[in-house]
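Chains, contacts and geometry: an overview
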Amino acid sequence: MRGWRLTMGVAYAGGPLGGSVHMLKPSVNATHFFKLSRRSSVAVNAEAGYILPLSKDCSHTYVERDATGKTLCVPEVERFTVGGEFSVRGFQTGTLGPFETLAGRSGPVGAYAMQVYNVDYIFKINDPLRFVVWGDAGVGYGYKEPFSFGKLRYSTGVELRIFLPVFQFPLRFIYAFNPQRKPGDQFQGFQFTIGSGY
């Protein structure tokens, strides 16, 4: 496999379309595949996204919502999640973005902006098996939090992908290492999932 793949999109909600959520959500994803030999290749991926709320009479955090009684400008389900098998492997889904405390428990609430980078060295063992050495980086940002490469979090590891005729996507066995551990990290040394990473 070789070549480029570029995907750009813009989601729009509210305004003349109606509804309770008013936002603009552009995103871009670029992937480059380098073929090294008959059995090996390298894939490099970069992804970024941003959410611009279009309503001013709303809350950007749960703390603000509880204090003002105004609904959230952008619900959690519409925000970006950074961390997980399809993002920065090893970290639990969404845990590389903003956290808030709700009902006495702290948890991820989704990001208003994000950047994610992935590099995979892929070796074809045989037809159904691929061995992957990978490195990921990424971070999610809160409302109006500035982009910064200094805030990126990193993970690395190896992965076994099994392509079976009964599945359209590979089975993925991910072994991950956190080279920059910090207090509060929610990290898993092993993850399993079904589906392509990017």
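These numbers were taken from a predicted model, which means no experiment stands behind them. (Residues numbered from 1 in each chain as written. Predicted model: local features only at pLDDT ≥ 70, side-chain atom pairs only at ≥ 80, totals over all residues. Heavy atoms only, no water.)

1. Let's talk about the overall build of the protein
- In terms of helices and strands, the protein carries 1 helix and 11 strands.
- Along its sequence from the N terminus, the protein presents helices and strands in the succession β-β-β-β-α-β-β-β-β-β-β-β.
- With the principal axes as the frame, the protein shows a C-alpha extent of 60 × 40 × 35 Å.
- Scored against the burial criterion, the 198 residues of the protein give a buried share of 39%.
- Sequence-distant contacts in the protein: of pairs separated by 6 or more residues, those separated by 24 or more amount to 55%.
- With an accessible surface of roughly 11,100 Å², the protein has 61% of that area assigned to carbon and sulfur atoms. (Helix = DSSP H or I, 4+ residues; strand = E, 2+ residues; numbered from the N terminus. Buried < 20%, exposed > 50% of the residue type's maximum accessible area, 1.4 Å probe, protein only. Contact = heavy atoms within 4.5 Å. Areas by Shrake-Rupley, 256 points an atom, 1.4 Å probe, with all protein chains shown as cover.)

2. A look at the pattern of salt bridges
- A complete count under the given rule lists 11 salt bridges for this structure.
- One salt bridge in this structure joins D120 and R161, with 2.8 Å as the shortest N-O distance. Of the two residues, D120 sits in strand β7 (residues 113-124) while R161 sits in strand β9 (residues 153-162), which places them 41 residues apart along the sequence.
- What makes D120 buried here is its relative accessible area of 1%.
- D127 is the partner of K124 in a salt bridge, and the nearest nitrogen-oxygen pair spans 3.4 Å.
- A single network of salt bridges, built from pairs that share partners, joins R89, D120, D136, E159, R161 and R172. (Salt bridge = Lys/Arg side-chain N within 4 Å of Asp/Glu carboxyl O.)

3. Quick notes on the packing of aromatic side chains
- Inspection of every chain in the model, using the stated rule, returns 6 aromatic pairs.
- Each ring, one from Y141 and one from F147, has its centre 4.8 Å from the other, and the planes form 25°; the classification is stacked.
- The class for F147 is partly exposed, based on a relative accessible area of 43%.
- Its guanidinium or amino end placed over the ring of F80, K25 lies 4.9 Å from that ring's centre, counting from NZ or CZ. (Phe/Tyr/Trp six-rings, centres within 6.5 Å; stacked < 30°, edge-to-face > 60°. Lys NZ or Arg CZ within 6 Å of the ring centre and 35° of its normal.)

4. Focus: the side chain of H32
- Topologically, H32 is positioned in strand β2 (residues 23-35).
- A relative accessible area of 17% places H32 in the buried class.
- Contacts of H32, omitting those with residues within four sequence positions, involve G3, W4, V42, A43 and V44.

5. Digging into the nonpolar core
- Grouped together as the largest cluster of nonpolar side chains are 15 residues, with contacts concentrated most on I51, V74, V82 and V88.
- F33, I122, I174 and A176 belong to the second-largest nonpolar core, a separate cluster that totals 7 residues. (Core = buried A, V, L, I, M, F, W, Y, C linked by side-chain atoms within 4.5 Å.)

6. Describing unusual backbone geometry
- In the Ramachandran plot, K144 falls in the positive-phi region, its phi being about 60° despite a non-glycine side chain.
- Along the chain, K144 falls in the loop between β8 (129-141) and β9.

7. Some details on the environment of S37
- With respect to the helices and strands, S37 occurs in the loop between β2 and β3 (40-50).
- C-alpha separation for the pair S37 and Q191, spaced 154 residues apart in sequence, amounts to 29 Å.
- Only 2.7 Å separates the side chain of S37 from the side chain of S40, close enough to count as a polar contact. (Polar contact = N/O pair within 3.5 Å; in protein donor to acceptor, adjacent residues only side chain to side chain.)

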